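Notes for the structure review
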Amino acid sequence: MLTAVVLVPLLLLSNTLAQDDTISEIQKTISVLEHRMNSAESSLKESQGNLVKALQRVAVTEAKLQQAETKLVQADVKRVQLESELKKHSAAIAGLTQNLSTLQGKQTRHIAFSVGRSTSLTATGENKVITYDKIWLNDGNGFNKFNSYFVAPLSGVYMFTYNNLYHSNKNSFVLFMMNGKHVQSSQGYDANGGWGMSGNEIQLRLQKGDSVWLELGKNHYIYSNVYLYSSFTGQLIYQN
């Protein structure tokens, strides 16, 4: 009986101690879990802070992108304006260039000459070029005062006239020459010894650089003096 009485309290104590150990283990586990939860909460807060910062940076970046887009739109608007202005300036330049070409064309189309001879001329034995010492007009500088040739500055249709005085039973035979070839002529003669004018007119298509001049036929004669009875004129009617 004594043994039973002693054993029961011992068993109860043993059970109590075992429960205490279990409670202690549970408490430790709870403490560990609480520590982990605290660490997790701390990490979560840190992550939330980083996320906020990241969102702030994203917001700043978006604001910068918005500003950049605004500047791009403004730049594109400016580009369109500049292109429009450039087109206007290009059109204005083209117009000015056209006007300049027109003016230059008008200037170069003013080609005309008018010359006279103040002395008589006899061609003895061979034809002789009729030279002129009086220049009334030489627009375009086509007439050469040194050899009395006219050299076409431009291609086109030209008109030429020439007149000479003859008298005293002397024939006046004048040849119109082009590039060394006889093209036309005029002749004057009065068997009664009177005075007269002989001449002619011609229209020719010349190429730039073509030459024309007048020759007095061999053994023929033209009369002139300070009153300039002998003359030669020409002008460009229109360009090719």
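Shown above is the structure to which this text applies.
Residues numbered from 1 in each chain as written. Predicted model: local features only at pLDDT ≥ 70, side-chain atom pairs only at ≥ 80, totals over all residues. Heavy atoms only, no water.

Some thoughts on the overall build of the protein chain
Summing up its helical and strand segments, the protein chain has one helix and twelve strands in all. Of the regular secondary structure in the protein chain, the N- to C-terminal order runs α-β-β-β-β-β-β-β-β-β-β-β-β. By the burial criterion, 25% of the 240 residues in the protein chain qualify as buried. Within the protein chain, counting contacts between residues at least 6 apart in sequence, those at least 24 apart form 73% of the total. Only carbon and sulfur atoms are counted for the fraction: they give 57% of the accessible area of the protein chain, which is about 16,300 Å². (Helix = DSSP H or I, 4+ residues; strand = E, 2+ residues; numbered from the N terminus. Buried < 20%, exposed > 50% of the residue type's maximum accessible area, 1.4 Å probe, protein only. Contact = heavy atoms within 4.5 Å. Areas by Shrake-Rupley, 256 points an atom, 1.4 Å probe, with all protein chains shown as cover.)

A closer look at the sheet that holds strand β6 (residues 156-167)
Hydrogen bonds along the backbone pair up the strands of a sheet, which may run parallel or antiparallel. Taken in spatial order, the five strands make up an open sheet running β4-β1-β12-β6-β9, and their pairing is antiparallel. Sheet topology places β4 (134-139) and β9 (195-206) at the edges, where each strand pairs with a single neighbour. Put simply, the sheet's adjacent strands are angled 10° from each other on average, direction ignored. By the bridge criterion, five bridges tie strand β1 (residues 112-117) to β4 in an arrangement that is antiparallel. Bridge pairing in β4 places V115 opposite I135. (Pairing = 2+ DSSP bridges. Axes fitted to C-alpha atoms, helices over the stretch in contact; angles between N-to-C directions.)

Structural notes on the pattern of salt bridges
For the coordinates displayed, the defined rule picks out two salt bridges. With a closest N to O distance of 2.6 Å, R79 and D76 form a salt bridge. Of this pair, R79 and D76 both sit in helix α1 (residues 2-108), three residues apart, roughly one helical turn. Since its relative accessible area comes to 39%, R79 is described here as partly exposed. Here E83 makes a salt bridge to R79, at a shortest N to O gap of 2.8 Å. Placement of both E83 and R79 in helix α1 is noted, with a separation of four residues, approximately one turn of the helix. Overall, the relative accessible area of 38% leaves E83 in the partly exposed class. What emerges from the salt-bridge pattern is a single network uniting D76, R79 and E83. (Salt bridge = Lys/Arg side-chain N within 4 Å of Asp/Glu carboxyl O.)

A few points about the side chain of S198
In this structure, S198 sits in strand β9. Non-local contacts of S198, meaning those with residues more than four positions away in its chain, are made with Y162, N163, N164, Y166, S172, S186, Q187 and G188.

Focus: the nonpolar core
Core analysis: the largest hydrophobic core is formed by 26 residues, its most contacted members being F150, Y158, F160, F176, L206 and F232. Among the elements of the structure, β1, β2 (121-123), β6, β7 (172-178), β9, β10 (211-216) and β12 (230-239) are those that each provide at least two residues to this core. Residues within four places of L206 in sequence aside, it is in contact with F150, A152, L154, S155, G156, Y158, F160, M178, V212 and N240. (Core = buried A, V, L, I, M, F, W, Y, C linked by side-chain atoms within 4.5 Å.)

Points about unusual backbone geometry
Among all residues except glycine, the phi angle is most often negative; among peptide bonds, the trans geometry is most common. You will see that S148, though not glycine, has its phi angle at about 65°, which is positive. Note on placement: S148 falls in the loop between β4 and β5 (150-151).

Examining the packing of aromatic side chains
Enumeration over the complete set of coordinates arrives at 16 aromatic pairs. With centroids separated by 5.8 Å and ring planes inclined at 65°, the aromatic side chains of F150 and F160 adopt a geometry described as edge-to-face. Of the two residues, F150 sits in strand β5 while F160 sits in strand β6, which places them ten residues apart along the sequence. Each member of the pair, F150 together with F160, is buried. Each ring, one from Y162 and one from F176, has its centre 6.0 Å from the other, and the planes form 25°; the classification is stacked. Remark: F176 occurs in strand β7 and Y162 occurs in strand β6; sequence separation between them is 14 residues. Both residues of the pair, Y162 and F176, belong to the buried class. (Phe/Tyr/Trp six-rings, centres within 6.5 Å; stacked < 30°, edge-to-face > 60°.)

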